[in-house]
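# A look at the structure
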Amino acid sequence: MKNIINMYFAPFKSCNLNCKYCYVPKLYKNVAKPDSKTILNRLELLISKIETDGFQIGAFCLHGSEPALMAPDTLVKISTCLKSHWTRLRCSNRSIAIQSNGTRFTYKYLGELKNRLSRLSDVKLGFSIDPPKVIHDQFRDNSFNLVEQNYLHALDIGFPVSVLSVVTDTVMEHLEGFKGWMKEQLDRKAQTGNPYKVKIKLASAPKMFSLAHIPAFTDFLIENNLQSLLQILTPGYCLQAGNECEWYEFDIDGNCYSCNKNFNQESVFANWMQEPIVEIVAKRKQLFVDDPMHAECCLCEYEMICNSGCPLDRIKSGDLSGKAHECEMIKKILNQKEKQGIHFIDFYNQNI
């Protein structure tokens, strides 16, 4: 059995938007955009190193800043490249994902992509949408109308589509609009199976969701049966791995980061062009191993779900230092489910 690497790959450091909570440093945004040939050559080199060192790629997501700056043909070639890797290692039913701000997925772009793919399911399109419109436009360069239009086009064409929403404090002023948009997507999912996934995550720094708003927002989610939207309560997310998270973000220049939250020069921990994959894996395992967790966490029955949350987003100071940023939210939701006769493990396992 091959050792598995779940990875993001960042073909670009540039972007066509200037979102207010962007994690990409300005220094990176000024880097020239590489051409398609360079992107493909670097990805093929990375895959070759992974295979040579006895590893295989598990989940693969194009991420970074805005990966959809590439042409449809390049995206198809990346998909083909990954399919060849999985075929060589006898892995089946895998596809690549791309997390995008959605502005580039126009009807023309999606049409070209469709015509070049052997199967629409080879590529999963992830849209970043922060409803309602007033919030999205405030944080994402007034792009809501275009992104929602592209999102609906992708659904109509038949691409597998997911939605990821970043929740900032501003949502507390627009809860009804947020609820309405989310309910519409969940209804669509229930009726058609697409979008196949709708999830939210609380904003990280520099627009960190305030601890003061967590009680009210949690009550809102419970009252409207929207708990299933939370990444932190959904199986398979890195958030729940705590200090043992082992996702990787590799960029086109050889840099290795733990994830997009650490997509900056200070957080480069290795160079995949220069170092063996086995050494990179060993370094990755040590990145957060000693990050502090609150003493109470080991006594909490829900610790097995959150593992004190993402070490980068944990509460950093005060009496709660070392707890998951979502700690109170997790406890309240899971406790409420148990009062309804639903064991928290059953709720978690069903919350796909």
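This text goes with the structure placed above it.
The present account deals with the structure reproduced in this document. (Residues numbered from 1 in each chain as written. Predicted model: local features only at pLDDT ≥ 70, side-chain atom pairs only at ≥ 80, totals over all residues. Heavy atoms only, no water.)

## Quick look at the sheet that holds strand β8 (residues 255-257)
For clarity, the threshold we go by: Any two strands are treated as partners once DSSP identifies two or more bridges connecting them. The way it works is that DSSP assigns letters per residue, a run of H or I at least four long becomes a helix, a run of E at least two long becomes a strand, and they are numbered from the N terminus. Here, two residues are considered to be in contact whenever any of their heavy atoms come within 4.5 Å of each other. Under this scheme, a helix contributes an axis fitted over its contacting stretch, all axes are lines through C-alpha atoms, and angles between N-to-C directions fall in the 0 to 180 degree range.
With mixed pairing, the nine strands of this open sheet are ordered in space as β6-β5-β4-β3-β2-β1-β7-β8-β9. Two strands bound the open sheet, and with one partner strand each, they are β6 (197-202) and β9 (270-271). Judged from the two bridges that link them, strand β2 (residues 55-62) and strand β3 (residues 96-100) form a sheet pairing that is parallel. Opposite Cys61, over in β3, you have Ala97 as the bridge partner. Against the sheet, helix α3 (residues 72-88) makes contact with β2, β3 and β4 (123-128), and its axis sits at roughly 160° relative to β2, the strand it touches most.

## Some words on the packing of aromatic side chains
Let me state the cut-off plainly: Only centres within 6.5 Å qualify two rings of Phe, Tyr or Trp (six-membered ring in Trp) as a pair; their planes then separate them into stacked at under 30 degrees, edge-to-face at over 60, and tilted for everything else. Burial classes: relative accessible area under 20% of the type maximum marks a residue as buried, over 50% as exposed, and values in between as partly exposed (1.4 Å probe, protein chains only).
Scanning the model with the defined rule gives 14 aromatic pairs in all. The interplanar angle of 25° and the centroid separation of 6.5 Å between the aromatic rings of Phe9 and Phe60 together place this pair among those described as stacked. Of this pair, Phe9 sits in strand β1 (residues 3-10) while Phe60 sits in strand β2, and the two are 51 residues apart along the sequence. Both residues of the pair, Phe9 and Phe60, count as buried. Relative to Phe217, the ring of Phe209 lies with its centre 5.6 Å away and its plane at 50°, an arrangement referred to as tilted. In this structure, Phe209 and Phe217 share a single accessibility class: buried.

## Examining the packing of helix α6 (residues 144-157) against helix α7 (residues 175-192)
Selection criterion: Roughly parallel covers angles under 35 degrees, roughly antiparallel covers those over 145, roughly perpendicular covers 65 to 115, and oblique covers all other angles.
Two elements in contact, α6 and α7, have axes separated by 14 Å at closest approach and are oriented at 10°. As summarised for this structure, α6 and α7 are arranged roughly parallel, according to the angle between their axes. Residues Phe144, Glu148, Tyr151, Leu152 and Leu155 of α6 pack against Trp181, Gln185 and Arg188 of α7.

## Remarks on unusual backbone geometry
A negative phi angle is the norm for most residues apart from glycine, just as the trans form is the norm for most peptide bonds. Cis geometry is adopted by the peptide bond preceding Pro195, which originates at Asn194 and carries an omega value of 10°. The residue Asn225 is not glycine, and still its phi comes out positive at about 55°. Assignment of secondary structure puts Asn225 in the loop between α8 (214-223) and β7 (248-251).

## Some thoughts on the pairing of β7
Going residue by residue along β7, you find Tyr248 and Phe250 tucked away on one face and Glu249 and Asp251 tucked away on the opposite face as well. Where β1 and β7 come together, four bridges link them in parallel fashion. Its bridge partner being in β7, Phe9 is matched across the sheet by Phe250. Across two bridges, β7 lies against β8 in antiparallel orientation. Among the inter-strand pairings, Glu249 is bridged to a residue of β8, identified as Tyr257.

## Some thoughts on helix α9 (residues 277-286)
Residues that lie three or four places apart on an α-helix share one face, since the helix turns once every 3.6 residues. The condition is simple: Note: the arc covers the axis-to-C-beta directions of the helix.
For α9, the full list of buried residues reads Ile277, Ile280, Val281 and Arg284. Buried residues in α9, looked at end-on, bunch into an arc of 100°, giving them a common side. Here the buried face of α9 lies against β1, α2 (36-52), β2, β7, β8 and β9.

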